[in-house]
Amino acid sequence: MTNTWLAEVGTDPGKRAREIGSAHSVFVSTHTLAGLGREVRGVVADSWSRSSDAHVLLDDAPPIMIADDDLLAYRAAHPLAQVIGVLRRLVGTAADDGDHVMAVSDAAGRLMWVEGHRSARAQAEKMNFVPGAWWDEAHAGTNAPGTALALDHEVQIFATEHFLPSVQAWTCAAAPIHDPATGEVLGAIDITGGDSVANPLSLGLVRAAAMAAENELARNSGMGPVSGAAAGVGASAAGLGLRTASGSVRAPGLWLPRTRPVFRLDALGRVEGVCQSAGRAIRLHRRHTEILIMLALRPDGMTGDQLAATLYDDLANPTTLRVEMTRLRRVVGDLLASRPYRLDGPVAADFLEVAAALRDKNVAGALAAYGGPLLPTSEAPGVVRQREWLDTQLRSAVLTSCDADLVRSWADRAGFEDLQVWEHLFRIAPALSAHRVVAASRTQRLRDEYGLSPSPPLSPSLSRNATFMQRPRR
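Residues numbered from 1 in each chain as written. Predicted model: local features only at pLDDT ≥ 70, side-chain atom pairs only at ≥ 80, totals over all residues. Heavy atoms only, no water.

### Details of the packing of aromatic side chains
- If you walk through the whole model with that rule in mind, you get 4 aromatic pairs.
- On the numbers, 4.9 Å between centres and 85 degrees between planes, the contact of phenylalanine 129 with tryptophan 135 is edge-to-face. With respect to burial, phenylalanine 129 and tryptophan 135 carry one shared label: buried.
- Here the basic side chain of arginine 110 rests over the ring of tryptophan 134, its NZ or CZ set 5.6 Å away from the ring centre.
- Across from the ring centre of phenylalanine 426, 4.1 Å away, lies the NZ or CZ of arginine 436, which sits over that ring. (Phe/Tyr/Trp six-rings, centres within 6.5 Å; stacked < 30°, edge-to-face > 60°. Buried < 20%, exposed > 50% of the residue type's maximum accessible area, 1.4 Å probe, protein only. Lys NZ or Arg CZ within 6 Å of the ring centre and 35° of its normal.)

The structure is reproduced here in C-alpha cells:
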C-alpha cells in the first residue's frame, strides 16, 4: 500500500523533481488543482491549495518573529527544552555529517532550534531556515514542519513539492511532538537536507524521535521549580505574551496553568453555531459547529475514526478531518486537544443544558433553554441523532405534563402541527380557559387537514385513544 506521507521519488530523483516542478508551475499560474493528475500526492496538492489560500508569495522568505534574548527566553521556557537533548542524540547526529540540519519548532511553526554542521546551516540561512523564523504553511507554504503541524502527522516533503521556489533544492521530513498529558501539539522535529532525505528511514527517524521525546516528557511530568538562568526567563516570555502549547505560562520557578474561561457553544435553532469565550462571540462554520457538538457530547474524547463516523455519511479521507481540526484549532485555540480529540476545558452549551434539565425531570427548565432544533440544516449523522433525541425527549416530557402553560408553550413553538399535543392540552386545560378554547379550535383544524372525522369536544377517553399524527414541518 502506498504511504501517502512518504515522497514517491523512484529511481531518478532528478526526473521526479522536474515532473513535480512542472505541476507546481501549472498550479501557481492557475491556482487550481484540476489537471495536475497523479503527478502530485494528495497531501502535497492540498497543502499547495492551503498555501495559495493563505496568499503565500513565491518570492517571499519566512519572517523572523523572535530573535536574540527574546528567542533564548522563549525556548528556555518551552516544554521542548526538556527534551532537546533527546532530539539531539537521535536526529542531531544525522545532521552532523554536513549535509543535513535538525530543526525543532513550536506548535505555531516558529523554529526554536536549527542545528547541524556549519556549512549546512549556512546554506539553510539563505532561505531563512533559522531560529526564530516562522515556518508554518501560512508563512512558508508547503514544508515538512509546517505541513506536519497543519495535519498533525509525520510527513516528508521532497524538493519541488515545496511551495516556495527558494526551498525546492531541499528535502525534509518532520513529525509533530505531543504533550503526553493532554495530547496537544507542542511542536515538531525536522530533518532537512538533500535528495538523500527522500527515503523511508528519514520519516521513521523523526517519528521515532517524536515518540522518544513524548516518552521523556511523560517521565518528567512531575515538574518542580526551575533554577539558574532558566528561572528568570519565564517572566520575559510571559511579558512577550508567549504561551506554551499546553496552555501554561512559565513564571519564575513555577509552571502555572493558564486559567481558561468557560467556553460556550449555542447551536439550537441556528444554521451555524456561535461560540463565546473571554467576552468574544464568534460565528462558526457549520462543520466546525458539528465537530464541537460531537466533542461536547463526548467529554472523554473520540478517535479520528469515531469522530469522522459522526460527521460524514461515508468513509471520509483522514486528511480532510485533520485539516478541519487544524482550522478549528485556530478558532478555539488550545481548548481543542488531540489523541483522542476532545475539548480540554470547561464547556457549556444550550443543548447540554436542555439535556441536563430533562435528566432532572425539569421540563420547564428544558423548555426555557430550548431555542429550537439542534443545528436544523445539518445532515451529519451524529448531529441528526442528537437533534432527534432532544426533540423526542422534550415532546415526550410535554405529553406527560399536567401543566397547561408549559404544554401551550411547546405547542405554540414546536408542536403547532402536532395533533396529539393539542389534544393533550385540551384534556388538561381548565374548562372555559383560553388554553382549552384554543386547543379545541386547533385540534378541530388539524383533524380537518388530516382528513379525520370531526369530533365533539374531546373527552379524556377519546384523547387517550386518538391516533398520533404530527404534521411534517415546512
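### Focus: the packing of helix H11 (residues 304-311) against helix H15 (residues 381-399)
- Between H11 and H15, the shortest axis-to-axis distance is 4 Å and the interhelical angle comes to 65 degrees. Contacts from Ala309, Thr310 and Leu311 in H11 reach Pro381, Gly382, Val383 and Arg385 in H15.
- Its residues placed into classes, the contact of H11 with H15 shows 4 nonpolar, 2 polar and 1 charged. (Axes fitted to C-alpha atoms, helices over the stretch in contact; angles between N-to-C directions. Helix = DSSP H or I, 4+ residues; strand = E, 2+ residues; numbered from the N terminus. Contact = heavy atoms within 4.5 Å. Nonpolar A, V, L, I, M, F, W, Y, C, P; charged D, E, K, R; others polar.)

### Quick notes on helix H1 (residues 13-30)
- With 18 residues, H1 extends 26 Å between its outermost C-alpha atoms, agreeing within 8% with the 26 Å of an ideal straight helix rising 1.5 Å per residue.
- For H1, every residue scored as buried is listed here: Arg16, Ala17, Ile20, Gly21, Ala23, His24 and Phe27.
- Histidine 31 lies just past H1 and shows a positive phi near 55 degrees. (Expected span 1.5 Å × (residues − 1).)

### Structural notes on the nonpolar core
- In terms of nonpolar packing, the biggest core is built from 67 residues, with Leu80, Leu87, Val104, Phe129 and Ile189 touching the most fellow members.
- A total of 6 residues in this core trace back to one element, the largest contributor, which is helix H8 (residues 200-219).
- Within the second largest apolar cluster, 58 residues are counted, among which are Leu265, Met294, Val407 and Ala414. (Core = buried A, V, L, I, M, F, W, Y, C linked by side-chain atoms within 4.5 Å.)

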